[in-house]
Structures are given as C-alpha cells and as structure tokens.
Amino acid sequence: MRNPEDMRQLGKQQSFQRIDIRTLWAWVGSQAAVGFPLIIFLAIYPVFIGWFQPPTAELSISINYHLFDLLSGLGTAAGVLLLRFVVKSLGQGTLRSSVIALGWFIAGYLGSLLQYAVAKSAGPISPIYEELLPVGGLSFWTLSFCFTILASVIGQNRQTAKELAQAKTRLVFLQSTVAQQVADAQQQLQRDVQEKISPVIESLSAEVEQLSTSHSDDSKSAATGQLRAAALELIRPLSHELYSADAEVQFENSPNQLAGRTRVTLWEVLTRKMNVNVMFNPALPAILILAFFSASYYIVAGWMGVLEGCMATTAVVVAALAGLNRLTRGRQLNAVVVLLIGVVTSLLLAGLYLVFPEALNVGIQADYQAFLAVGSALLLLGTTVFFFLYDNRMFTLSRTKEANDENASLVARSRQEVWLRQKQIAKIVHGSVQSRLNAARIRLTQATTVTPELVESVLSDLESARQELSRTPAESATDIQGQLTELADFWRGVCTFTFEVDHNSQQSLNADTSAAQAVMEVVSEGVSNAVKHSQAQKVQLTVTQVSPVSVMVELEHASQERSVATTTSGLGTQILNQLTLNWSFTQDNGTALLQAEIPTARPAQ
C-alpha cells in the first residue's frame, strides 16, 4: 500500500536508481552477453584499437601486428560463439551468469594464447607476451562486460519505450471510449431491470383491470396475492441482488496500432529535469580503467607504472567523482546541461592521466601517455553516456507507470460509476417500486368493495412503479465537506468523528460526483464498522490527493484487537473492492487503520 507521504514525493524524486551488483549480474546472464553483436565486436575491436596503439620497439614481432591483433579477436569471438551454445540449455539465474562470466575470461585467454602461439611460431617474441596472457583474458572479459551492459541498457530502453507506447495507446483509447462504455453499461443495467419487472407490472395491471368487470372477493384476493408475491418473490430478491452484485463493464480491446506521439519524444528527454550526481558515479569507471589499462602501464613502466601512473591517478579520479557526487546530491538541472557537465568533467579528469604520471616522473613516452589518457577519456565518456541512458530508461519507466496508473484509475473509475448506478437502481427497486406495489396491495386489502376509483388508484400505483424504472437516478451532492459534516452530526453522541480534507482533494471531489459518492460510501461503511466491531469512541479521517487521478482515504481509530492485516470477505469488503484502486486494513499496537485509494477524474487542464 502506498502511503500519502510517499505519494506526495512522487514526481519530486529523480527517476535514477543506483545500479547495484544484482542488476549487473542479471545483465551478465542476459542474451546480449553471448549475442552475435558481441561476437562481431570482439572480432574487430583488437584490430580497430591497434591502429591507434602501435607497438613499442621492445614488443616487436615477426608477423604483421594487425594480423596479430586479428588473431586475438577471432579466437575470442570463436570462444564466445562456443559459449553461446554451452549456455543455451541453461535458464536465467546465477548458474547461467556464472558460466558466462567464466566463459568470457576463458575465451579471452584462448584468443590471447592463439595470437601468442602464432607469433612465437613465426619468430622470436618478447617474454612479456607470455606474462600478459591472463591480462589478455581479463581485457576481453572487461570488453565483453562493457558491451553487454551497454547493449542491455539500450535494449531495455527500446523495450521500455515500447511498453510506454502501448500504455499510452491504451490510455488514449480508454479516454475516448470509456465514457460511452460506462453509459452503455449503466443503460443496459437499467434495461435489464426493466425487462425483469415491467412484464410483471403489466400482468398485475391486467389482473387489476379485470376487477372492473368482476367484483368478486376471489378476484380481489387473487390480485392482492399476486401483488404480494411480486413484492416478496421478485422485487425484494432483485433489489438484494443489485445491492450485492459486482459491477460489470465490458471493455473493448484497444487497437494494435500505436497511437501518435505515444513514445517519449526527444524533446521530453532533453527538457526533463535530471539529478546532477547521476554523472558522478565513481565505481564503474574506476574498475574499467584499471581493468583496461593496468596492463598497458605495466608494459611501458613496470609495476611502478601501474602503481603511480594508473592506480594513483585513478584514486584521485575516484575521489573527485565521489566528492562531486556528494556535493551535487539532490540538485537537478536540465538533462542536456547535466550530460554536458558529465562530458566536461570526464575530459578534465582524463587530463589527470597526463598530469600525474608526468608529475611523478613515471617515465612513459609522451605519445603513449597521450594514448592512455585518450583511452581513459573514452571510458569516462562511455560511462557518462551509459548513466545518462540508464537514467533515461528510469524516466521512461516512470512515465509508463504514470500511464498504467491512469489506465488502472480509468478502469476502476468505470467500475465505480457502474456500481454506484447499480446501487441507485437498487434503491429505486427496493424503495420506490416496492413501496408502490405495497401501496396497491394495501388499497385492495383494506377496501370492502371494488369501485372504479379503487381500480384507478391501484392502476395509478402500478403505472407510477413502472415509470420509476425508467427514471434516471438523480446525482448525489458533491459538497464533500458538507456531507462529512452531516455524517459527523449523525454519529454525535455515539462516536466523535473528525475529518481533514486537503485542498487538492476537496477540489477534485467537489468536481466529481462519482468520486465524492465513493468516498462517502467508503467512509460511512468504515465508521459504521469501527463503532460496530471496535466500539470506537473516536474516528479520525484524512483525505489526501496522492496522484492527479486518485485520493487516499485513511480512517484511524483505537482498537483492542490483536495485530492483524485483513481483506476478509463481507459487504464492506465488496464496497472497497468495487470503489477503490487498492485498499488495506491493519490493526497494530492498539490502532486500526483503513487505507483506500479512490480514483477520481483527471482535473481539467
């Protein structure tokens, strides 16, 4: 159950959620982790990056260096292709993710071993290549991991955009058809009742008309008996059925073709508000930089290069990102501005990979140091874009949830309106129609002789009963404050009933007859049950607007019952099921609390 305080914060909070280990582990086990796009990427990446990273003199080999790179890519791609078939029979879960994670490393190691074996067979090769075989496996593991999480986010963005389009298409369809569907359901309900009662009234009228020609006591007794039977055997059971039956609304299926402007538009993405600290997540870029470039620093400067050139600089970068994350927490700016801040920060932090090794005199060649700094910049920029895409997915998810919530509200509201009309008709049947039949029966019973005036009066009662069936029930008052005040007056002397309705809820309910009536039904039933079952001396009501299309009703009173949460069946349960989006009733620490979210019409724009 959503509580009002949580709902008041809805929309104020940024949609971004921290990417935790469980999310990353689930992505490792996804289809993208062994998909053909990854296999192709692994095959061509080493050759691509090799054009920008020529080997140093100490690492010269007898074969073409680009062929050397291609061998590692092809070997790794073949290993991942084999891994694709290995995990095909495994379902989603920890086992699949574990096999894929291990398989990535093995595939990368085999690719590095292939290039090493071919290069060694062609001529002399530096011993450092053998030392770096595990590093090759780790590098390809990191490449596979990066590609997979990026592909997963892009794929989820597309899926979420599709779900949003479907939700908004359904919403547009419901908005254009629900009013007519509700009206049709209400009219059909009234027609069904008329079809059940009108023939009986016509039969009774015919029986009474015969009294004009036959004044015998037997004829009068027969007419009286039929009137009594109609009231007891038809009208009363029918009214009880209408009171207790659930509302039925037949909704048409929404069209398969997506309505126009259903997806999140580029303008919406670019103009939305976004948390600035989204861009400053230190863990992922630090891990990727260390995994990618530690080996390169080791090649050109040994362990001092790794410690001083890579790890020390990365530690400063992580500290800067962590500090910026804390400083900007809770601050929101335009999404484009946030992305630009992330890009500029990434470039500035990448510059540290030039400054720090130079300041520490690590001894790396200037051109190679520039290559490492560019690589770090690309990783920082890549993670910046990744976090932006992930936050965009969360934004789209929030929009999808809003559309689904409004869909649910429309459906619940339709059920609410039909149920309220059903109850109004039940009151007509149980009250107006039954009272007129009883009046006609009493006239005949009390009459000593049958006269034309008596027959006319009885026929008039029957005609009045028939007309009541076709009368459109009058709408209830929408002054929610006035109705609640009347309810408080009704219970005065038995129970103290206090209420608080916030301004937005009051406006929504005063403009919405059905929602106001639904609130009064729920509150009246709740107060009655509190007095009946808990002998409550005081009941406190709070009504708050929790979304543009719903209000939250909270009824609280003291209770001596044990701690319990219940949705047991009964008339009150039926009212709640028919009139609310969701509800709960709990008793804990001597306090009973009923919470019910009631759909309302969306306010006029």
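Overview of the structure. (Residues numbered from 1 in each chain as written. Predicted model: local features only at pLDDT ≥ 70, side-chain atom pairs only at ≥ 80, totals over all residues. Heavy atoms only, no water.)

## A short note on the overall build of the chain
Working step 1: Secondary structure summary: the chain contains 17 helices and 8 strands in total.
Working step 2: Burial analysis of the chain (605 residues in total) assigns 48% to the buried set.
Working step 3: For the chain, the accessible surface area stands at approximately 30,000 Å², while carbon and sulfur atoms represent 58% of it. (Helix = DSSP H or I, 4+ residues; strand = E, 2+ residues; numbered from the N terminus. Buried < 20%, exposed > 50% of the residue type's maximum accessible area, 1.4 Å probe, protein only. Areas by Shrake-Rupley, 256 points an atom, 1.4 Å probe, with all protein chains shown as cover.)

## What to know about the environment of Ser212
Working step 1: Structurally, Ser212 is set in the loop between helix H7 (133-209) and helix H8 (217-244).
Working step 2: By relative accessible area, which is 42% here, Ser212 ends up partly exposed.
Working step 3: When the C-alpha positions of Ser212 and Glu453 are compared, they lie 9.9 Å apart, and in sequence the two are 241 residues distant.

## Topic: the packing of aromatic side chains
Working step 1: Evaluated as defined, the whole model comprises 11 aromatic pairs.
Working step 2: With 5.9 Å between their ring centres and 75° between their planes, Trp27 and Tyr390 make a pair best called edge-to-face. With a gap of 363 residues between them, Trp27 in helix H2 (residues 21-28) and Tyr390 in helix H12 (residues 366-446) connect regions that are remote in the sequence.
Working step 3: Among the residues examined, Tyr390 registers a relative accessible area of 4% and is labelled buried.
Working step 4: Between Trp104 and Trp141, the ring centres sit 5.8 Å apart and the planes meet at 75°, which makes this aromatic pair edge-to-face. (Phe/Tyr/Trp six-rings, centres within 6.5 Å; stacked < 30°, edge-to-face > 60°.)

## Overview of unusual backbone geometry
Across the chain, the bulk of peptide bonds are trans and the bulk of non-glycine residues have phi less than zero.
Working step 1: A positive phi is found at Gln535, a non-glycine position, where the angle reads about 50°.
Working step 2: Gln535 sits in the exposed class, given a relative accessible area of 52%.
Working step 3: Even without glycine at this site, Asn589 takes up a positive phi of about 55°.
Working step 4: Its place among the elements puts Asn589 in the loop between strand S7 (582-588) and strand S8 (591-599).

## A few points about the nonpolar core
Working step 1: If you look at the biggest cluster of nonpolar residues, it comprises 59 residues, and the most contacted ones within it are Ile100, Trp104, Phe145, Met279 and Tyr297.
Working step 2: For this core, the elements supplying multiple residues, two or more each, are H2, helix H3 (36-50), helix H4 (65-86), helix H5 (94-122), H7, helix H10 (283-327), helix H11 (335-359) and H12.
Working step 3: Ignoring any residue separated from it by four or fewer positions in sequence, one finds Tyr297 in contact with Gly302, Gly305, Val306, Gly309, Cys310, Tyr353, Ile364, Gln369 and Leu372.
Working step 4: By size, the runner-up hydrophobic cluster in this structure holds 35 residues, among which are Val531, Ala536, Leu594 and Ile598. (Core = buried A, V, L, I, M, F, W, Y, C linked by side-chain atoms within 4.5 Å. Contact = heavy atoms within 4.5 Å.)

## A word on the packing of helix H14 (residues 480-491) against helix H16 (residues 513-534)
Working step 1: Axis separation between H14 and H16 bottoms out at 11 Å; the angle between their running directions is 20°. With respect to H16, the element H14 is oriented roughly parallel. In this structure, H14 meets H16 at a crossing whose hand is right-handed. Counting all contacts with H14, which are made through Ile480, Gln483, Leu484, Leu487 and Trp491, the residues of H16 involved are Ala516, Val519, Met520, Val523, Ser524, Val527, Ser528 and Val531. (Axes fitted to C-alpha atoms, helices over the stretch in contact; angles between N-to-C directions. Parallel < 35°, antiparallel > 145°, perpendicular 65-115°, else oblique. Left-handed = near helix turned anticlockwise from the far one by under 90°.)

## Points about the pairing of S8
Working step 1: Burial analysis of S8 places 7 of its 9 residues in the buried class, which makes it a mostly covered element.
Working step 2: Bridging between strand S5 (residues 550-558) and S8 involves 9 bridges; their strand directions are antiparallel. Bridge pairing links Ala558 to Thr591 in S8.
Working step 3: As defined by bridge partners, S7 adjoins S8 across 7 bridges and the pair is classed as antiparallel. Note on S8: the bridge partner recorded for Asn582 is Glu597.
Working step 4: What sits between S7 and S8 in their antiparallel hairpin is a turn of 2 residues, with Asn589 showing a positive phi close to 55°. (Pairing = 2+ DSSP bridges.)

## Some words on helix H13 (residues 452-470)
Working step 1: Helix length check: H13, at 19 residues, gives a terminal C-alpha distance of 27 Å against a target of 27 Å (1.5 Å per residue), a fit within 8%.
Working step 2: Every buried residue belonging to H13 is among Leu454, Val455, Val458, Asp461, Leu462, Ala465, Glu468 and Leu469, and all of these are buried. The arc that holds the buried residues of H13, viewed along the axis, is 150°, so those residues lie on one side. Exposed side of H13, more than 90 degrees from the buried face: Pro452, Glu453 and Glu456 are the residues found there. (Expected span 1.5 Å × (residues − 1). Arc of directions from axis to C-beta.)

## Considerations on the pattern of salt bridges
Working step 1: Tallied over the entire structure, the rule returns 8 salt bridges.
Working step 2: Glu468 is the salt-bridge partner of Arg436, the closest N and O atoms lying 3.9 Å from each other. Of this pair, Arg436 sits in helix H12 while Glu468 sits in helix H13; the two residues are 32 residues apart in sequence, bridging distant segments of the chain.
Working step 3: Among the residues examined, Glu468 registers a relative accessible area of 13% and is labelled buried.
Working step 4: In this structure, Arg466 engages Glu463 in a salt bridge whose closest nitrogen and oxygen atoms are separated by 2.4 Å. Taken as a pair, Arg466 and Glu463 lie in helix H13 at a separation of 3 residues, close to a single helical turn. (Salt bridge = Lys/Arg side-chain N within 4 Å of Asp/Glu carboxyl O.)

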